[in-house]
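Below, each chain spelled out in residue letters.
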Amino acid sequence: MTGENKKAARYSLALFAQQLRGGLLDNNPTLVQLLGTCPTLATTTSIDNAIGMGIAATLVLVFSNLFISLLRKLIPPQVRIAAYIVIISGFVSAIELLIKAFLPALDAALGVFIPLIVVNCIILARAEAFASKNRVLPSVVDGLAMGLGFTLALTMLAAIRELLGAGTLLGFPIFGDAIPPALIFIMPPGAFLTLGFIVAAVNKLLAIAERYRKKQLDKTLADEFAEDAALGGGVPPHASELEFVPSGEDEGK
Amino acid sequence: MTEILLIMFTAVLVENFVFTRFLGICPFLGVSEKPDTALGMGFAVVFVMTLASAATNLIYNLILVPFELKYLKTIAFILVIASLVQLIEMFLRKYVPALYGALGIYLPLITTNCAVLGAALLSVESDYNFIKSVAFGFSAAVGFTLAIVIFAGVRERVAVANPPRSFEGIPIALVTAGLIAMAFSGFSSINLGI
């Protein structure tokens, strides 16, 4: 076994979990990084559409990351963006034709947003930030993780909108006739409102996680300094006095 | 002529690109902190989208249709738009430096603005001829400008308001956009007979 193969073998478990977690939660492209807002708002009128859009974008992400990573040493840096766009739009066209041929209902529902996957910033962002600098396997996993994160966010948004706006989930009636659905949620304004509230909820969760981490840090610091003090050390500092940049509070600034 | 006016009215108000079609949301959220930068972005989009609609319509009808290459339209359009933006930037820098000074920083951002590609694809989908697709591109961009300027005006007031901490920044902006979209959805009840 060569050194490189060993590295690839060692890659598999811990890093895989870390990347998957990054794409789905910590670094979710839609909810944390707020990339690709157009399809997020437009295709979440029902869960079916959201999952269709998510899978289409995931496929494009996986294949574009795969090929950009394979070609990363051949693409001259000056024209890299143009090269990425050609690769991405090639896969998007292929997916578009496949959906037109085999899933005409999905094609009718998503319409112009299937070809518009080309300009979905998530895909170009992953190509530029990850696939162009990393080996093939991590790049494919990155595409998969980010794509699944996108799908998860879309499905969540769509579930809320479908439940409140049409009173159904996956087409099955939930409330029956007892509670009339609030149509506004499947209309365009509902998309903005629902996404606004979801992003606010995510910010709140991130803030809570951050506070928890800080508390843990405080505790370990206090313990260390207690030990130091026992040996004749100084005053224990508070974690908030240290340089600590909270993640997730600067989005959109 | 009435048909063209109808296309334009629909594209600006009834099917506003931002509030009902969800195209161009990234610059809409990103460059709307102040009304004057929003207006600059809007003008740049009007400029590029009108020219891009003309160029993509010509490419589609003169090259892709005769050679039966319609399935390449996504690739062809994105390349045309990217190189058009580059050309406009070079042309303005050399010959109209005043305009370049005003629009320059917004131009590179427009390549990834899905409104431009969206307008090109939608006008192909609707079988618009050259004049109609230019009118459609122009008025869709005017609708985008209207939306982003209104939104920036509201956001300026929201910036000094005091929302809950987790709503600061983007979430409150999205809620604001939702409320403006509600106002715009009033236009959708106008029956234009098309």
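For the structure, check the block above.
These numbers come from a predicted model, not from an experiment. (Residues numbered from 1 in each chain as written. Chains lettered and ligands numbered in written order. Predicted model: local features only at pLDDT ≥ 70, side-chain atom pairs only at ≥ 80, totals over all residues. Heavy atoms only, no water.)

### Some thoughts on the interface of chain B and chain A
Thinking step 1. Contacts between the two partners involve 38 residues from chain B and, on the opposite side, 37 residues from chain A.
Thinking step 2. A buried area of about 3,100 Å², summed over both sides, lies between chain B and chain A, and 81% of it is on carbon and sulfur atoms.
Thinking step 3. For Lys 73 of chain B, the salt bridge identified is with Glu 96 of chain A, shortest N-O distance 4.0 Å.
Thinking step 4. Linking chain B with chain A are two residue pairs in polar contact (both at pLDDT 80 or more), by the criterion used here.
Thinking step 5. At the level of elements, α2 (25–30), α4 (73–95), α7 (114–125) and α9 (170–185) of chain B are the ones that each hand at least two residues to the side of chain B that touches chain A.
Thinking step 6. Ranked by residues supplied to the side of chain B that touches chain A, first place goes to α9 of chain B with nine residues.
Thinking step 7. For the side of chain B that touches chain A, a count of residues per class yields 23 nonpolar, nine polar and six charged. (Contact = heavy atoms within 4.5 Å. Buried area = accessible area lost by both parts, 1.4 Å probe. Salt bridge = Lys/Arg side-chain N within 4 Å of Asp/Glu carboxyl O. Polar contact = N/O pair within 3.5 Å; in protein donor to acceptor, adjacent residues only side chain to side chain. Helix = DSSP H or I, 4+ residues; strand = E, 2+ residues; numbered from the N terminus. Nonpolar A, V, L, I, M, F, W, Y, C, P; charged D, E, K, R; others polar.)

### Quick look at the nonpolar core
All names here are of chain B.
Thinking step 1. Grouped together as the largest cluster of nonpolar side chains are 108 residues, with contacts concentrated most on Phe 19 and Phe 28.
Thinking step 2. Ranked by residues supplied to this core, first place goes to helix α3 (residues 35–64) with 10 residues.
Thinking step 3. Beyond its immediate stretch of four places on either side in the chain, Phe 28 contacts Val 18, Phe 19, Phe 144, Ala 147, Ile 148, Phe 151 and Ala 177. (Core = buried A, V, L, I, M, F, W, Y, C linked by side-chain atoms within 4.5 Å. Buried < 20%, exposed > 50% of the residue type's maximum accessible area, 1.4 Å probe, protein only.)

### Examining the packing of aromatic side chains
Thinking step 1. This model, assessed by the stated rule, comprises 13 aromatic pairs over all chains.
Thinking step 2. Ring geometry for Phe 19 of chain B against Phe 28 of chain B: centres 5.6 Å apart, planes inclined by 90 degrees, an arrangement best described as edge-to-face. Taken individually, Phe 19 of chain B and Phe 28 of chain B each receive the classification buried, so the pair is uniform in this respect.
Thinking step 3. Ring geometry for Phe 19 of chain B and Phe 184 of chain B: centres 4.9 Å apart, planes at 40 degrees, overall tilted. With Phe 19 of chain B in the loop between α1 (2–14) and α2 and Phe 184 of chain B in helix α9, this residue pair connects regions lying 165 residues apart in the sequence. There is no split in this pair, since Phe 19 of chain B and Phe 184 of chain B are both buried.
Thinking step 4. An aromatic cluster is built from Phe 192 of chain A together with Phe 19, Phe 22, Phe 28, Phe 151, Phe 184 and Phe 187 of chain B, whose rings are joined through pairwise contacts.
Thinking step 5. Across from the ring centre of Tyr 95 of chain B, 5.6 Å away, lies the NZ or CZ of Lys 94 of chain B, which sits over that ring. (Phe/Tyr/Trp six-rings, centres within 6.5 Å; stacked < 30°, edge-to-face > 60°. Lys NZ or Arg CZ within 6 Å of the ring centre and 35° of its normal.)

### Some details on empty space enclosed by the protein
Thinking step 1. Taken as a whole and judged by the stated rule, the model has one cavity of 30 Å³ or more.
Thinking step 2. Forming the walls of the largest cavity are 13 residues, and the residues nearest its centre are Cys 38, Pro 39, Val 119 and Asn 120 of chain A together with Cys 114 of chain B.
Thinking step 3. Residues that form the lining of the largest cavity fall into these classes: eight nonpolar, five polar and no charged. (1 Å grid on protein atoms, 1.4 Å probe; cavity = no way out; pocket = protein on both sides within 12 Å on 5 of 7 lines; lining within 4 Å. Points joined across faces, edges and corners; volume = space filled by probe spheres on them.)

### With respect to the packing of α1 of chain B against helix α8 (residues 130–160) of chain B
In a packed pair of helices, the relevant descriptors are the angle between the two axes and the axis-to-axis distance.
Residues and elements named next belong to chain B.
Thinking step 1. Axis separation between α1 and α8 bottoms out at 7 Å; the angle between their running directions is 30 degrees. On the basis of the axis angle, α1 is roughly parallel to α8. For the crossing formed where α1 meets α8, the hand is right-handed. Together, Glu 3, Ile 4, Ile 7, Met 8, Ala 11, Val 12 and Leu 13 of α1 and Ile 131, Lys 132, Ala 135, Phe 136, Phe 138, Ser 139, Ala 140, Val 142, Gly 143 and Leu 146 of α8 make up the contact between the two elements.
Thinking step 2. Its residues assigned to classes, the contact of α1 with α8 comprises 13 nonpolar, two polar and two charged. (Axes fitted to C-alpha atoms, helices over the stretch in contact; angles between N-to-C directions. Parallel < 35°, antiparallel > 145°, perpendicular 65-115°, else oblique. Left-handed = near helix turned anticlockwise from the far one by under 90°.)

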